[in-house]
Amino acid sequence: MSLSSLLVEEKKAMLFVEEARKKAEEILKEAKAEAERILKEASNEEKIKEILKQYEKELQREAERIIEKYRKEAERVKSVPEELLEKASDIIVKEVIDHKFRSS
Amino acid sequence: MTISSEAVEALKEEIWKRAREKADKILNEARSEAERILRNAKAEAENFVKNKLEPEKLIMRRRIIGKAMMDGRRLLILTKNDLINEVFSRAVEKLKRFRESEEYEKFLVKCLKEAVEAMNPSDGDEFIVYVDKRDLELLKKKVGEIFKHDLKFKFKEGSFMGGVVVMDSEGKRIFYNTIESKLESLRPLLREKIASMLFREVEMDGKDR
């Protein structure tokens, strides 16, 4: 064992660090490429159109639920009992007959 | 200069320890930086999409959901209107039959009396009374018993469900006191009353279900 063997070892260690540096550069390069891809995808018009199309479908489903709710409400309103309609028309008749004329 | 083999080994260890530490530091920093780059890109992309999509989504929501709400409400209002109109139609049919009842004569006299008195009549005043053909003879017969003043009446044929239209002789004032005019003047109030009666009860009924 001698000093020269230490120098050889030192060189190997430097290469090892150099490898790590290269690997680090590779990691950064990949990250930048991925970031670019993410940004490109975000600004992709087709993708945006697709998202809006999906959202429109969701809204259409929501709109159908709303209309259905009102339709059910209308059906419920229509189910007023016959006697109530008669009672209501009797009230009109009574109000008209009892109405006192006022000249305006 | 000679170094013992133990010392050489120790130095080698030290060289590799430092090299590993340096390499780890480089890699860890790179990984952190890569994470930061990706995080920023994702945030930027999200912002971009949000700024681009949100306004369009909002417009779309207002258009589609707004229309659905409007259509739904219209449907409900039309249904309620149909029912109210049905009630009014029934009432009109009953009012048409009212003239066949015993109370109708009293009602007709009251209509004439109210309309003439609203003119503040004095002795000698003359009025033109429009009355349905079917009521003409009855009213001619009754008119003498109705007023304290000495009034003159000219009867003309009209066409109403019942009641009278009275006009002064100069044609300056004309009072409609027919079933139709009463119904029309009461219609807005009656619509409200009927609506609250029909739909309040229905709503309460619905809540119980």
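Residues numbered from 1 in each chain as written. Chains lettered and ligands numbered in written order. Predicted model: local features only at pLDDT ≥ 70, side-chain atom pairs only at ≥ 80, totals over all residues.

Chemist: What exactly am I supposed to notice about the interface of chain B and chain A here?
Modeler: Interface extent is often summarised as the accessible area lost during association of the parts. Counting residues at the interface gives 69 residues for chain B, matched by 57 residues for chain A. For the side of chain B that touches chain A, the elements supplying multiple residues, two or more each, are α1 (5-98), α2 (103-117), β4 (174-178) and α4 (179-208) of chain B. Within the side of chain B that touches chain A, the residues separate by chemical class into 44 nonpolar, 5 polar and 20 charged. (Contact = placed C-beta atoms within 7 Å. Helix = DSSP H or I, 4+ residues; strand = E, 2+ residues; numbered from the N terminus. Nonpolar A, V, L, I, M, F, W, Y, C, P; charged D, E, K, R; others polar.)

Chemist: I'm lost on the pairing of strand β1 (residues 126-132) of chain B in this one. Help?
Modeler: Remark: a regular strand shows side chains that alternate across the two faces of the sheet. All names here are of chain B. Bridge count for β1 against strand β2 (residues 152-158) is 7 bridges, and the pairing is parallel. In the sheet register, Asp132 faces β2, and the bridge partner there is Gly158. With helix α3 (residues 136-146) bridging β1 and the parallel β2, this β-α-β connection has right-handed handedness. Alignment of β1 against strand β3 (residues 163-168), held across 5 bridges, turns out to be antiparallel. By the bridge assignment, Ile128 is partnered in β3 with Met167. (Pairing = 2+ DSSP bridges. Right-handed = clockwise from strand over helix to strand, strands pointing away.)

Chemist: For this particular structure, what's the right way to read the domain arrangement of chain A?
Modeler: You can read the domains of chain A as domain 1 (1-43) and domain 2 (45-98). The distance between the C-alpha centroids of domain 1 of chain A and domain 2 of chain A comes to 67 Å. (Domains from an automatic or database assignment.)

Chemist: Teacher, can you tell me more about the domain arrangement of chain B here?
Modeler: The domain architecture assigned to chain B consists of domain 1 (1-98) and domain 2 (101-184). Its C-alpha centre places domain 1 of chain B at a distance of 76 Å from the equivalent point of domain 2 of chain B.

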